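The primary structure of each chain is shown beneath.
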Amino acid sequence: MDVKKAIHYNVIQNILRYYECPDTCKSYCCKNGRVHMLEDEFKILAELDKVKSKNITNDSLVPDLYMMNTPCSFLNLTNRCDAYKDRPTVCGMYPFKMNNSGLSSGLQPCPLGFLIITDFFSWVMDTISTSNIPEDEKAVKILQWQTSLKSYAIELSEFQTKPILKEMQIPFDELDMLSLFLFSKNASKNNPVCTPTI
């Protein structure tokens, strides 16, 4: 699908395979998030379960776009997705989100997003500390990233109470680098994983 290529879906999947939603999550995104899907994704869910798919409505402004009314009707009593292998693209990306820039992906400040951003921060710190830039520039960059991480932690603490959260924008080229960083980090632990596809 061209949409998945444009949003670097495979790179995001390469990143997400190193993580699991922590128990503190409680599927908040499925209970309260706005899940949009394309018409072909809606049709798959409708074939999967006609009753549960009645909770999906057509977006009146964009005819080929559909939205799941919350809470998601495919979320079961154990807070797991009954349509996991057939879930819409936005669900498969979460906590990453599409945006209109075409240059980056947003990372939501949920418990899983915080695990990812912590590893991203670790990669950035490694990159900055080994770079050839002057020490005063390194110090400024490190301080900026520490401030960003603190801000992200504050958003995380308000994750279940704020209707709109500030997400961190990660450029696609940095997503590629994070994917490779996680691959090398896990390969050094002798974890058997596939080579990432970028």
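As the structure is a computational prediction, the values presented were derived from the model and not from experiment.

Residue-level pLDDT values for the protein chain average 86, and 94% of them are 70 or greater. Across the protein chain, the secondary-structure element scoring lowest on mean pLDDT is helix H1 (residues 2–6), at 82, and the one scoring highest is helix H4 (residues 39–48), at 95. Predicted confidence is poor over residues 192–198, with pLDDT under 50, and the contacts of this stretch with residues over four places away or in other chains come to 18 contacts.

For the rest of this paragraph, the subject is the packing of helix H2 (residues 9–16) against helix H8 (residues 172–187). Two elements in contact, H2 and H8, have axes separated by 9 Å at closest approach and are oriented at 35 degrees. Handedness of the H2/H8 crossing: left-handed. In this structure, H2 contributes Val11, Ile12, Asn14 and Ile15 to the contact, and H8 contributes Leu175, Asp176, Leu178, Ser179 and Leu182. By residue class, the composition of the contact of H2 with H8 is six nonpolar, two polar and one charged.

In this section: H4. Considered for burial, the residues of H4 that qualify are Glu41, Phe42, Leu45 and Ala46. Down the axis of H4, the buried set is contained in an arc of 140 degrees. They therefore lie on one face. On its buried face, H4 sits against strand E1 (35–38), strand E2 (56–58), strand E3 (65–68) and helix H5 (89–93).

Turning our eyes to something else, we now look at the sheet that holds strand E5 (residues 104–107). Here we have three strands laid out as an open sheet, ordered E4-E5-E6, and antiparallel in their pairing. The open sheet has two edge strands, strand E4 (96–97) and strand E6 (168–171), and neither has a second partner.

Another aspect to go through is unusual backbone geometry. A cis amide bond, omega -5 degrees, links Thr70 with the succeeding residue Pro71. Tracing the backbone through its elements, the reader meets Pro71 in the loop between E3 and H5. A cis amide bond, omega 15 degrees, links Tyr94 with the succeeding residue Pro95. Topologically, Pro95 is positioned in the loop between H5 and E4. Non-glycine residue His8 carries a positive phi angle of around 60 degrees. Looking at His8, the relative accessible area reads 23%, which means it is partly exposed. Its identity as a non-glycine residue notwithstanding, Ser27 has a phi of 55 degrees, on the positive side. Position of Ser27 relative to the elements: it lies in the loop between H2 and helix H3 (28–32). Among the residues examined, Ser27 registers a relative accessible area of 9% and is labelled buried.

Another point: the packing of aromatic side chains. Per the counting criterion, the structure on display carries four aromatic pairs. With a centroid separation of 4.4 Å and an interplanar angle of 5 degrees, the aromatic rings of Phe42 and Tyr66 are classed as stacked. One end of the pair, Phe42, is in helix H4; the other, Tyr66, is in strand E3, and 24 residues separate them in sequence. Both residues of the pair, Phe42 and Tyr66, count as buried. Ring plane angle 15 degrees and centroid distance 6.3 Å describe the contact between Phe114 and Tyr152, whose orientation is recorded as stacked. Separated by 38 residues along the polypeptide, Phe114 in helix H6 (residues 111–129) and Tyr152 in helix H7 (residues 135–157) bring together distant segments of the chain. On the basis of relative accessible area, Phe114 is assigned to the partly exposed category, the value being 24%. Site record: aromatic cluster; members linked through ring pairs are Phe120, Trp123 and Trp145. Cation over ring: Lys4 sits above Tyr9, and NZ or CZ is 4.4 Å from the ring centre. A cation over an aromatic ring shows up here: Arg87 above the ring of Tyr84, its NZ or CZ 3.8 Å from the ring centre.

Definitions and limits used
- Residues numbered from 1 in each chain as written.
- Predicted model: local features only at pLDDT ≥ 70, side-chain atom pairs only at ≥ 80, totals over all residues.
- Heavy atoms only, no water.
- pLDDT = per-residue confidence, 0-100.
- Helix = DSSP H or I, 4+ residues; strand = E, 2+ residues; numbered from the N terminus.
- Contact = heavy atoms within 4.5 Å.
- Axes fitted to C-alpha atoms, helices over the stretch in contact; angles between N-to-C directions.
- Left-handed = near helix turned anticlockwise from the far one by under 90°.
- Nonpolar A, V, L, I, M, F, W, Y, C, P; charged D, E, K, R; others polar.
- Buried < 20%, exposed > 50% of the residue type's maximum accessible area, 1.4 Å probe, protein only.
- Arc of directions from axis to C-beta.
- Pairing = 2+ DSSP bridges.
- Phe/Tyr/Trp six-rings, centres within 6.5 Å; stacked < 30°, edge-to-face > 60°.
- Lys NZ or Arg CZ within 6 Å of the ring centre and 35° of its normal.

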